[in-house]
Amino acid sequence: MSLAVLRWLVADTLRQSLWSGVFWLMLGVTAAGVLACFAVPASEAHFLIGGVGANIIGLLLGLTFTAGVLPSFVDPNAALILLAKPVRRWQLLLGKFLGVMALFALHAALFVLATWLALGAATGRWPGAYFVALPILLMNFACFFSFSALLAVTTRNVAACVVGTFLFWFLCLLMNLGRHAVIAYEMEQFSSASRFIAEAAYWMMPKPADALVVMHDALLAEPLALRDADFAKVVNKGEYRPNLSLAASLIFPFVVTALAAYELESTEY
Amino acid sequence: MTALPAAEFINVAKDYRLGLIHRRTLRAVAGVSFRVERGEVFGLLGPNRAGKTTLVKLLLSLCRPSAGDVHRLGQPVRDRSTLGRVGYVHENHAFPRYLSAESLLAYYGALTLIPYEVVRERVPKLLERVGLADRAGDVVASFSKGMIQRLGLAQALLNEPDLLVLDEPNEGLDLVGRRVVADIIREQREKGRSVILVSHVLHEVEQLCDRVAVLQAGKLAYLGTVNELTRRGSPEGKVQSLETALLAIYQRAGQ
């Protein structure tokens with residue numbers, strides 16, 4: 001793959017975001033986040049709210065703002081000439097995907113840094129662990145944007161990308177919490193086959209709830225397992241492995257982006 | 001040894017699958033064979049839905065044949081490297097609206113795998129050639145349809161293509177723009193390069209094309225020179241207009 005091609009596609013995505021206003025919209029969200037830091041009364045959970053906010057609201061906003069990039073790119077009226085170039089289709093998709101990732105990474109880093117400074121100024125505390133929010137946010141975004149990319153190449157429809165990705169995020173959240181609930185409450189009514197399916201889905205799909213637990217534990221001295229009796233059962237049974245959970249989630253965007261690339265390669269225009 | 005053809009269709013068929021579960025099929029092209037020689041300006045004619053654009057898409061690897069083989073510049077179309085020697089213009093192309101004419105050509109040049117230095121050298125000349133030199137720094141969003149079509153022509157010429165594929169290149173162009181297209185087609189021929197022209201503008205086809213293929217309902221209804229076509233079927237070989245000749249072919253094929 002030509003690095004020059006990749007560089008052009010990434011630069012093109014950033015230019016597109018500037019022209020369409022998405023760049024400034026994302027900057028506005030960071031500014032709003034900074035203002036909110038001063039508006040909320042100082043507490044122990046101050047930084048946690050910032051991190052969780054970034055990983056739920058920031059993630060969903062980021063997915064919404066960037067949802068239009070790929071459907072417009074693969075739309076036949078815009079794509080025919082590009083697809084008749086010698087560059088392979090999967091390379092075009094990868095370039096645009098990385099462009100969106102670069103755009104989001106830039107704004108995520110700005111958000112985390114700016115809110116850390118604002119929260120530090122408001123509370124007088126400067127926890128370095130707050131920066132854990134950044135890689136977790138990027139991993140979560142990569143997972144769900146890859147799903148959005150798959151929807152983009154199959155439907156070429158922005159609304160389908162937004163709604164489908166939101167539903168998928170919600171499904172993953174439910175699946176993640178449900179799997180822990182099955183273990184914590186030892187639900188006998190579930191057959192071993194159902195438990196196997198829940199376990200397989202848990203390991204295959206992104207785990208947004210686990211990502212939030214990792215951030216919680218990094219930010220607060222008292223881990224969630226000590227605060228929440230039900231979650232403690234999962235931890236005590238050795239069924240919560242944060243490192244493995246994050247590593248397994250990280251595989252998801254690679255597999256789904258490869259699927260999206262395969263779909264685009266085999267699409268007939 | 002004769003030069004390999006610029007394009008070759010060997011008993012090509014193309015079926016599109018329709019419907020949610022792809023149960024219905026539409027035969028867009030049925031058993032078409034012909035070749036476009038090097039240095040030839042070749043016209044593709046036919047009514048709407050005759051299969052012209054499908055043939056172009058098959059040639060540019062935008063879709064795959066259901067049967068038969070397609071060769072581009074002597075290689076099977078699955079070899080994408082030959083796309084680097086092809087230029088393509090199609091009607092109603094939506095270029096990124098946020099790019100300036102200059103940056104759009106640089107971007108498309110990169111995707112055609114042309115070294116940046118070469119692109120930088122060619123862009124001003126091409127913009128001059130298509131009459132957009134004074135708008136080089138303006139974004140596509142501010143361009144009229146005709147100007148976008150000229151820009152499309154410039155991007156197609158960026159790699160000095162051995163095969164130029166023009167699908168309705170005059171769509172939205174004014175008289176001057178049409179003249180530019182015609183001049184470029186003639187220049188390509190003089191340089192020994194090939195052009196495939198899909199057009200409904202018959203006088204342009206008459207003036208520019210060495211040979212034409214007429215398609216009707218996905219089948220090849222005629223292959224030959226425009227001269228032969230205009231004398232075909234008329235009493236005592238009298239020359240008739242291309243329009244009359246084409247209508248006669250469509251009627252015969254429709255019966």
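These figures come from a predicted structure and were not determined experimentally.

Rules and cut-offs
Residues numbered from 1 in each chain as written. Chains lettered and ligands numbered in written order. Predicted model: local features only at pLDDT ≥ 70, side-chain atom pairs only at ≥ 80, totals over all residues. Heavy atoms only, no water. Helix = DSSP H or I, 4+ residues; strand = E, 2+ residues; numbered from the N terminus. Rg over C-alpha atoms; globule rule 2.2 N^0.38 Å. Buried < 20%, exposed > 50% of the residue type's maximum accessible area, 1.4 Å probe, protein only. Contact = heavy atoms within 4.5 Å. Areas by Shrake-Rupley, 256 points an atom, 1.4 Å probe, with all protein chains shown as cover. Salt bridge = Lys/Arg side-chain N within 4 Å of Asp/Glu carboxyl O. Polar contact = N/O pair within 3.5 Å; in protein donor to acceptor, adjacent residues only side chain to side chain. Axes fitted to C-alpha atoms, helices over the stretch in contact; angles between N-to-C directions. Left-handed = near helix turned anticlockwise from the far one by under 90°. Patch = residues over 30% accessible without salt bridge, like charges linked within 9 Å, V, L, I, M, F, W, Y side chains within 5 Å. Expected span 1.5 Å × (residues − 1). Parallel < 35°, antiparallel > 145°, perpendicular 65-115°, else oblique. Nonpolar A, V, L, I, M, F, W, Y, C, P; charged D, E, K, R; others polar. Pairing = 2+ DSSP bridges.

Novice: Lay out the overall build of chain B with the relevant residues and their values.
Specialist: From N to C terminus, chain B includes eight helices and ten strands. Relative to the 2.2 N^0.38 estimate, which gives 18 Å for 255 residues, the radius of gyration of chain B is 19 Å and therefore close to what a compact globule would have. Reported as C-alpha extents along the three principal axes, the dimensions of chain B are approximately 55 × 45 × 45 Å. Counting all 255 residues of chain B, 54% fall into the buried class. Expressed as a percentage of contacts within chain B between residues at least 6 apart in sequence, the contacts between residues at least 24 apart total 63%. Just so you have it, chain B exposes about 11,700 Å², and 49% of that area is on carbon and sulfur atoms.

Novice: Report on the interface of chain A and chain B, specifying residues and quantitative values.
Specialist: With 29 residues of chain A at the contact, the number on the chain B side is 31 residues. Counting across the interface, chain A meets chain B through one salt bridge. For Glu 268 of chain A, the salt bridge goes to Lys 14 of chain B, with nearest N and O atoms at 2.5 Å. Put simply, chain A and chain B have 15 residue pairs in polar contact (both at pLDDT 80 or more) between them. Counting residues per element, the ones that place at least two in the side of chain A that touches chain B are α1 (3–20), α5 (76–83), α6 (89–123) and α13 (242–266) of chain A.

Novice: Which residues make up the side chain of Asn 176 of chain A, and what are the values?
Specialist: All names here are of chain A. Relative to the elements of secondary structure, Asn 176 occurs in helix α8 (residues 158–185). Polar contacts involving the side chain of Asn 176 include one to the main-chain amide nitrogen of Asp 210, which spans 2.9 Å. Beyond its immediate chain neighbours, meaning those up to four positions away, Asn 176 contacts Tyr 202, Lys 207, Pro 208, Ala 209 and Asp 210.

Novice: So what's going on with the packing of α6 of chain A against helix α7 (residues 133–155) of chain A? Which residues, and what values?
Specialist: Residue and element names in this part refer to chain A. Contact geometry for α6 and α7: axes closest at 10 Å, N-to-C directions at 150°. The chirality of how α6 crosses α7 is right-handed. Listed contacts from α7 to Leu 93, Phe 97, Val 100, Met 101, Phe 104, Ala 105, Ala 108, Ala 109 and Val 112 of α6 are Ala 133, Leu 134, Leu 137, Leu 138, Phe 141, Ala 142, Phe 145, Ser 146, Ala 149 and Val 153.

Novice: Describe a nonpolar patch on the surface, with residues and values.
Specialist: All names here are of chain A. On the surface, Leu 18, Trp 24, Leu 27, Leu 106 and Leu 110 cluster together into a nonpolar patch covering about 430 Å² of accessible area. For the nonpolar patch, the elements supplying multiple residues, two or more each, are α2 (22–39) and α6. In this structure, Leu 27 sits in helix α2.

Novice: How would you summarise the pattern of salt bridges if you had to cite specific residues and measurements?
Specialist: All names here are of chain B. Scanning the model with the defined rule gives 19 salt bridges over all chains in all. For Asp 138, the salt bridge identified is with Arg 135, shortest N-O distance 2.4 Å. A residue is classified by how much of its surface remains accessible, and Arg 135, at 23% relative accessible area, is partly exposed. Taking the shortest distance from any N to any O, the salt bridge between Asp 210 and Arg 189 comes out at 2.7 Å. Residue Asp 210 is located in the loop between α6 (202–208) and β9 (211–216), and its partner Arg 189 is located in helix α5 (residues 175–190); the two are separated by 21 residues in the primary sequence. What makes Arg 189 partly exposed here is its relative accessible area of 25%.

Novice: So what's going on with helix α1 (residues 52–59) of chain B? Which residues, and what values?
Specialist: All names here are of chain B. Taken across its eight residues, α1 has seven buried, putting it largely inside the fold. Of the residues making up α1, those classed as buried are Lys 52, Thr 54, Leu 55, Val 56, Lys 57, Leu 58 and Leu 59. Once α1 ends, the next one or two residues include Ser 61, with phi positive near 60°.

Novice: Give a detailed account of α5 of chain B, specifying residues and quantitative values.
Specialist: Residues and elements named next belong to chain B. When the terminal C-alpha atoms of α5 are compared, their 23 Å separation across 16 residues agrees well with the 22 Å that a helix rising 1.5 Å per residue should span. Residues Gly 177, Val 180, Val 181, Ala 182, Ile 184, Ile 185 and Gln 188 constitute the buried set of α5. Immediately downstream of α5, the backbone of Gly 192 shows phi near 80°, a positive value.

Novice: Residue-level account of the packing of helix α2 (residues 101–111) of chain B against helix α3 (residues 116–129) of chain B, with values.
Specialist: Residue and element names in this part refer to chain B. Two numbers describe how α2 lies on α3: the axes approach to 10 Å, and their chain directions differ by 135°. Overall, the two elements α2 and α3 adopt an arrangement that is oblique. Crossing of α2 over α3 shows right-handed handedness. Between α2, through Ala 101, Glu 102, Leu 105, Ala 106 and Gly 109, and α3, the contact on the second element is made entirely by Tyr 116, Val 119, Val 123 and Leu 127. Its residues assigned to classes, the contact of α2 with α3 shows seven nonpolar, one polar and one charged.

Novice: Give a description of the sheet that holds strand β1 (residues 7–18) of chain B that names residues and reports values.
Specialist: Residue and element names in this part refer to chain B. Spatially, the four strands line up as an open sheet ordered β2-β1-β4-β5, and their pairing is antiparallel. Across the chains shown, the open sheet's two edge strands, defined by having one partner strand only, are β2 (24–36) and β5 (75–76). Alignment of β1 against β2, held across nine bridges, turns out to be antiparallel. Looking at the pairing, Glu 8 lines up with Arg 35 of β2. Where α1 meets the sheet, its contacts fall on β1, β2 and β4 (67–72), and the angle it forms with β1 comes to roughly 110°.

In short, the description is geometric, and any link to function would need to be established separately.
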